Structures are given as C-alpha cells and as structure tokens.
Amino acid sequence: PEFFGREYNYQTQEHSSVDENAYFRQIAHAGDPAIDFTLPSVDEEMVTLSELQGKPVIIEFGALTCVSCQAEFPLMDNIAREFADEAHHLFVYTRETHPEHNPGVYEHFESYEEKMARARLLQERWNTPRTILVDDLEGTVHRRYAGVSNQSWVIDHMGYIAHKAAWTIAADIRYGLELALRTR
C-alpha cells in the first residue's frame, strides 16, 4: 500500500515528507489512550498491548537497516535489563529503512516469513532481552503509530501514552519511562 505518496516497503529511503512528519505530530499525544494491537513475537507468541497493563511499556519501531536504531540498540537493551521487573520492553520490526545500503542482502520483504527471519536475525545479533514483535508486510501497526522510522513510545501502566519520540534516543526514553513509573 501507499504511505504518503510512496510504497510503504520502498527500495530506496527518501527523506520523510512534511506531511509524514506532520502526521506523527498529530496522531497521538501524552495522555491519549495507546493504540491497541496484537502482533506475533519471533518466539511465535501473540502479544496484545492492552494485556500488558499494570506496568509501563516501551515500544520501539525499527529494523536491521536503520542506522540510528542500531546505534541506540545496546543502550535500549541496557534500559530493558535495568528496568526488566518494572516495565515491558517491545521492539516492533517494521520495513527495512535503508535497503539501498545493503543491496542483495536486506532489500524490502517479499514475504512475511522473510520479515520474521530478519527479526530473528536482529534478536540473535544483539541477544536482546526485549520482546521482538513483527508487524505485517503492510506495516499496519507501524503506520497506526505514524510510520516514522526509529520512533519510540512509552505507555503508562494504565494504557495511556506517557511519552512519544520521533527518534529513539535512550536517554529520552529512560526519562519517559521514569516519569511513567512515578505516576503509578
């Protein structure tokens, strides 16, 4: 499907459009109910966001070819280890952000099985403590959460948005999580 005038699963990353960034700023805000979803994990367990209420939830969106995502990955894993008992830590595997940087290796997905395999590769590469979820080929959940690459959300213990970030920066996400923990 198209997403802001281009295919959701593109061959070459173009700069985000003004409309795309404006959409991210308008879709949901701190205090709004989180957009519920159910996705499979790489371990083939179904995870439903609303069933995780009781603890805050960090949701990060990204992929193997997202350079910014990979740079923050170890820092986000450290947060997941530090706050393992206090929060749920989810990583939603989306489209490949920069497939042109890895031609013949990480091009856009031809099948859901291929997407699941790359998500498993990500989990193995980082040995992450976070739950890796896999969005469908059309990016249904990712697009409902704006479809911006490398974005993160902190959902509070009651299922409301406590923090949203157009870019995953571990220090900012930690701050958002700590605020959500203080409100319990």
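In the block above lies the structure referred to throughout.
Residues numbered from 1 in each chain as written. Predicted model: local features only at pLDDT ≥ 70, side-chain atom pairs only at ≥ 80, totals over all residues. Heavy atoms only, no water.

**Digging into the pattern of salt bridges**
At step 1: Under the criterion given, the structure shown has 6 salt bridges.
At step 2: Of the charged contacts in the structure, one is a salt bridge between Glu82 and Arg174, with a shortest N-O distance of 2.8 Å. Taken together, the positions of Glu82 in helix α2 (residues 67–82) and Arg174 in helix α5 (residues 170–182) put the pair 92 residues apart, joining distant regions of the chain.
At step 3: Given the relative accessible area of 46%, Glu82 is considered partly exposed.
At step 4: The exposure class of Arg174 is partly exposed, given its relative accessible area of 24%.
At step 5: Ionic pairing is found between Arg118 and Glu114, a salt bridge with its closest N-O pair at 2.6 Å. Taken together, the residues span about one helical turn, with Arg118 and Glu114 both in helix α3 (residues 112–126) at a distance of 4 residues.
At step 6: A residue is classified by how much of its surface remains accessible, and Arg118, at 7% relative accessible area, is buried.
At step 7: Judged by its relative accessible area of 26%, Glu114 falls in the partly exposed class. (Salt bridge = Lys/Arg side-chain N within 4 Å of Asp/Glu carboxyl O. Helix = DSSP H or I, 4+ residues; strand = E, 2+ residues; numbered from the N terminus. Buried < 20%, exposed > 50% of the residue type's maximum accessible area, 1.4 Å probe, protein only.)

**Here's the deal with α2**
At step 1: Helix length check: α2, at 16 residues, gives a terminal C-alpha distance of 24 Å against a target of 22 Å (1.5 Å per residue), a fit within 8%.
At step 2: The sharpest bend along α2 measures roughly 45° and falls at Phe73, with the proline Pro74 sitting one to four residues further on.
At step 3: For α2, the full list of buried residues reads Cys69, Gln70, Glu72, Phe73, Met76, Asp77, Ile79 and Ala80.
At step 4: Against the buried residues of α2 lie β5 (57–62), β6 (88–93), α3 and α5. (Expected span 1.5 Å × (residues − 1). Bend = angle between axes of the 7 residues up to and from the residue. Contact = heavy atoms within 4.5 Å.)

**Notes on the nonpolar core**
General note: in soluble globular proteins, nonpolar side chains tend to be found buried as a group.
At step 1: Of all hydrophobic cores here, the largest spans 19 residues; its most connected members are Phe37, Ile59, Leu90, Tyr145 and Trp153.
At step 2: Breaking this core down by element, the ones donating at least two residues are β5, β6 and β8 (152–155).
At step 3: The dominant element in this core, judged by the number of residues it contributes, is β5, at 3 residues.
At step 4: Grouped together as the second largest cluster of nonpolar side chains are 14 residues, Ala63, Leu64, Cys66 and Phe109 included. (Core = buried A, V, L, I, M, F, W, Y, C linked by side-chain atoms within 4.5 Å.)

**Examining the environment of His89**
At step 1: Following the sequence through the fold, His89 ends up in strand β6.
At step 2: Taking relative accessible area as the criterion, His89 reaches 9% and is therefore assigned buried.
At step 3: Considering only alpha carbons, one finds His89 and Arg130, 41 residues apart in sequence, at a separation of 5.2 Å.

**Comments concerning the pairing of β8**
At step 1: Side chains Ser152 and Val154 project from β8 onto one buried face, and the interleaved Trp153 and Ile155 project onto a second face that is buried too.
At step 2: For β5 and β8, the ladder comprises 4 bridges, and the chain directions are antiparallel. Each residue of the ladder has a partner; that of Ile59, found in β8, is Trp153.
At step 3: Relative to strand β9 (residues 161–165), β8 runs antiparallel, the two sharing 4 bridges. (Pairing = 2+ DSSP bridges.)

**Section: the sheet that holds β8**
At step 1: Overall, mixed pairing links the 5 strands, which are arranged β7-β6-β5-β8-β9 in an open sheet. Looking at which strands have only one partner, the edges of the open sheet turn out to be β7 (131–134) and β9. For this sheet, the mean inter-axis angle between neighbouring strands, taken without regard to orientation, is 20°.
At step 2: Packing of α2 onto the sheet brings it into contact with β5 and β6, and relative to β5 it is tilted by some 160°. (Axes fitted to C-alpha atoms, helices over the stretch in contact; angles between N-to-C directions.)

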